[in-house]
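# Summary of the model geometry
Residues per chain are reported as follows:
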Amino acid sequence: METTSRVGAQAPTAEGTAPAVSAARRTVDGYLLAPFPWYGLDEAFTGQRWLMQVGATSDGAVEHGSIGHGDEPSVLAEGTLGNSDKERFAVVVTVAANPVRRTADGTGVLEATSVSSAAWLAGVGLLNFTWPGQMDHTLRDDWLEQQTETAWVLADDLEGSDWSSLSLPVDGVPTPFHYRESEYGWILAGSTKEGVHLGAYGRGMSAYGLGFSVVQDIAAYAS
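We now turn to the structure provided with this report.

### Description of a negative patch on the surface
- Taken together, Asp156, Asp157, Glu159 and Asp162 make up a surface patch of like negative charges.
- Assignment of secondary structure puts Asp162 in the loop between helix 4 (140-155) and strand 9 (164-170).

The structure is reproduced here in structure tokens:
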């Protein structure tokens, strides 16, 4: 990602996030431009699947994107997070495994992507659909900035005590993931043999029963 692992990562906005995501996911064009395979939940998941959005560098190269599964999430206040009957979703984030390289115009440096990149994108993605209880709308920007920084600190220390280990199938092969839970939901991150890193986040669906596989026809998700 550009200059740091966080630039270009579709950080949350102060208001209207859920409608913005719904509008952004209406096109498959960005996904088709990616030079890497997209991942979603495997065939064991039989519910709704939908596109969200992609992230690209300043020169237009697609670096990551998200695919949703289950109920389309809405922004929830903390007091409603425990009611999993109202909302069950899991979002899979695919991040290209890129080394450090120069920008297309030669004026800057794109930092290497890593499992931490996937973990941070997943953490920020979960924040997109979280609203602190009893907080005035005008204060949410400050809250988001603080929580986004916290998500980065946690993602940069995947071996720390905030994370545990979880093995889940990726293309049928048991694969290690870093996993953590918060009051807002769960987050996990790992790597695949297909040259991409995977992040995921969700609420109302247990992460322990998930499996991931390459999406064979990304265009079908746009229907």
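### What about the packing of aromatic side chains?
- Here the structure, examined in full by the defined rule, presents seven aromatic pairs.
- When the centroid spacing of 6.2 Å and the interplanar angle of 70 degrees are considered together, the rings of Phe89 and Phe129 count as edge-to-face. With Phe89 in strand 5 (residues 89-96) and Phe129 in the loop between helix 3 (115-127) and strand 8 (130-131), this residue pair connects regions lying 40 residues apart in the sequence. This pair shows no difference in class: Phe89 is buried, exactly as Phe129 is.
- Consider the rings of Phe177 and Phe212, whose centres lie 5.5 Å apart with planes at 40 degrees: the pair is tilted. Highlighted residues: Phe177 in strand 10 (residues 173-182) and Phe212 in strand 13 (residues 212-214), separated in sequence by 35 residues. Judged on exposure class, the residue Phe177 and its partner Phe212 are both buried.
- Above the face of the Trp163 ring, Arg180 is positioned so that its terminal group lies 5.3 Å from the ring centre.

Definitions and limits used
Residues numbered from 1 in each chain as written. Predicted model: local features only at pLDDT ≥ 70, side-chain atom pairs only at ≥ 80, totals over all residues. Heavy atoms only, no water. Patch = residues over 30% accessible without salt bridge, like charges linked within 9 Å, V, L, I, M, F, W, Y side chains within 5 Å. Areas by Shrake-Rupley, 256 points an atom, 1.4 Å probe, with all protein chains shown as cover. Salt bridge = Lys/Arg side-chain N within 4 Å of Asp/Glu carboxyl O. Lys, Arg positive; Asp, Glu negative; His and termini not counted. Charge placed at Lys NZ, Arg CZ, Asp CG, Glu CD. Helix = DSSP H or I, 4+ residues; strand = E, 2+ residues; numbered from the N terminus. Phe/Tyr/Trp six-rings, centres within 6.5 Å; stacked < 30°, edge-to-face > 60°. Buried < 20%, exposed > 50% of the residue type's maximum accessible area, 1.4 Å probe, protein only. Lys NZ or Arg CZ within 6 Å of the ring centre and 35° of its normal.

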